[in-house]
Amino acid sequence: MFFISLFFVILTLCCIRPDLFKTVGNSLPIHEAHAAESRTISPDTAGLLPVNALAENEHHSKLDELKQKQRVAAWIAKRYRIAGTASNLFVSTAYKTAFDLGLDPHLILAVMAIESRFNPYAESAVGAQGLMQVMSKVHADKFEDHGGIQNALDPVVNIKVGARILRDYVRQKGSVELALKSYVGAAAMSHDGGYGSRVLSEYRMLKAVASGKRAPSLIQAKSPAKQRAARPGKNTGDTVSSRQKNGESSSLNGNTETML
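Residues numbered from 1 in each chain as written. Predicted model: local features only at pLDDT ≥ 70, side-chain atom pairs only at ≥ 80, totals over all residues. Heavy atoms only, no water.

1. Describing helix 7 (residues 105–116)
What counts is decided by this rule: Segments assigned H or I by DSSP are reported as helices when at least four residues long, segments assigned E as strands when at least two residues long, and all are numbered from the N terminus. Multiply 1.5 Å by the residue count of a helix minus one, and that product is the helix's expected span. Each residue is placed in one exposure class: buried if its accessible area under a 1.4 Å probe, protein chains only, is under 20% of its type's maximum, exposed if it is over 50%, and partly exposed if it falls in between. Identification of polar contacts relies on pairs of N or O atoms within 3.5 Å, with a donor-acceptor requirement for protein atoms, meaning one able to donate a hydrogen and the other able to accept it, and with residues adjacent in sequence counted only if both atoms are side-chain atoms.
Spanning 12 residues, helix 7 covers 16 Å between terminal C-alpha atoms, matching the ideal 16 Å at 1.5 Å per step. Every buried residue belonging to helix 7 is among Pro-105, His-106, Leu-107, Ile-108, Leu-109, Ala-110, Val-111, Met-112, Ala-113, Ile-114, Glu-115 and Ser-116, and all of these are buried. Between a side-chain oxygen at the N-terminus of helix 7 and the backbone nitrogen of His-106 the separation is 2.8 Å; the capping residue is Asp-104. Just downstream of helix 7 lies Arg-117, where phi reads positive at about 55°.

The structure is reproduced here in structure tokens:
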């Protein structure tokens, strides 16, 4: 009977003063334990360690890329005797553009090296312009998003447009070698005058420099004029005419299209 009476008393209190039980419950150690546990596994902190780990990995990745850019920019500035600020701009733009287009930045830089020797104001007799020696009149549509062909000599614009042309060739031809052959305007010829091998040789050196290895040589590169002389059939009237009819550009070295 005692327990039955006690039960009814408690039941009555629950109905009349439910706040008493809430107060008592809050004072119990088990409530604090649950509260602490709840704070520990809250959404704000549950993924703290994994997020920190990812952030740290991303930080290291960015540092690695920064070191690569610094090595490559310093090497280009020394090899081609250009200002460090200019070299940094060309390299950083090449890396960003390559990421956007799915290309290798060192390939873009290798094309620049062979095409213009990193002279942003280079222009051939047939109208190939800038770092990537883009035929701006042939590829005027690709300059529409960059203010028109009047900006063809802007280093950033020239790299972006040239790299886009290169990306398109790689997709069309299915290989870097064939893309380079088209880039130099030799798609219908049996050979490219050694253009592709020169670009790929420069590419391998840039990759080695980026990874921290010593480059084979820091001897000053050949001038564009010497490179043109070494390539048979370059910049001749017939060759240029054929390239333009096919919508291909010619470059300082007789190329216009870009490679990967």
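2. Quick look at the nonpolar core
Inclusion rule: In this description, a nonpolar core means a group of buried Ala, Val, Leu, Ile, Met, Phe, Trp, Tyr and Cys residues linked to one another through side-chain atoms lying within 4.5 Å. In what follows, residue pairs with any heavy atoms lying within 4.5 Å of each other are defined as contacts.
Counting residues in hydrophobic clusters, the biggest one holds 50 residues, and the most contacted among them are Val-72, Ile-76, Ile-108, Leu-109, Met-112 and Phe-118. For this core, the secondary-structure elements that each account for two or more residues are helix 5 (48–80), helix 6 (84–101), helix 7, helix 8 (155–173), helix 9 (176–183) and helix 10 (195–210). Every residue in contact with Phe-118, bar those within four places of it in the chain, is listed here: Ile-76, Tyr-80, Ile-82, Phe-90, Leu-109, Met-112, Ala-113 and Leu-131.

3. Things to note about the pattern of salt bridges
Rule in force here: Any Lys or Arg side-chain nitrogen located within 4 Å of an Asp or Glu carboxyl oxygen qualifies as a salt bridge.
In this structure the tally under the stated criterion is 6 salt bridges. Taking the shortest distance from any N to any O, the salt bridge between Glu-65 and Lys-69 comes out at 3.2 Å. Taken together, the positions of Glu-65 and Lys-69, both in helix 5 and 4 residues apart, correspond to about one turn of that helix. Among the residues examined, Lys-69 registers a relative accessible area of 22% and is labelled partly exposed. For Asp-104, the salt bridge goes to Lys-207, with nearest N and O atoms at 3.4 Å. One end of the pair, Asp-104, is in the loop between helix 6 and helix 7; the other, Lys-207, is in helix 10, and 103 residues separate them in sequence.

4. Observations regarding the packing of aromatic side chains
Inclusion rule: For Phe, Tyr and Trp, where Trp contributes only its six-membered ring, two rings pair if their centres lie within 6.5 Å, and the inter-plane angle classes them as stacked under 30 degrees, edge-to-face over 60, or tilted in between.
Applying the stated rule across the entire model yields 3 aromatic pairs. Centre to centre, the rings of Tyr-80 and Phe-118 are 5.0 Å apart; their planes meet at 65°, and the pair counts as edge-to-face. With Tyr-80 in helix 5 and Phe-118 in the loop between helix 7 and strand 1 (128–129), the pair connects residues that are 38 residues apart, well separated along the chain. Using a relative accessible area of 4% as the deciding quantity, one classes Tyr-80 as buried.

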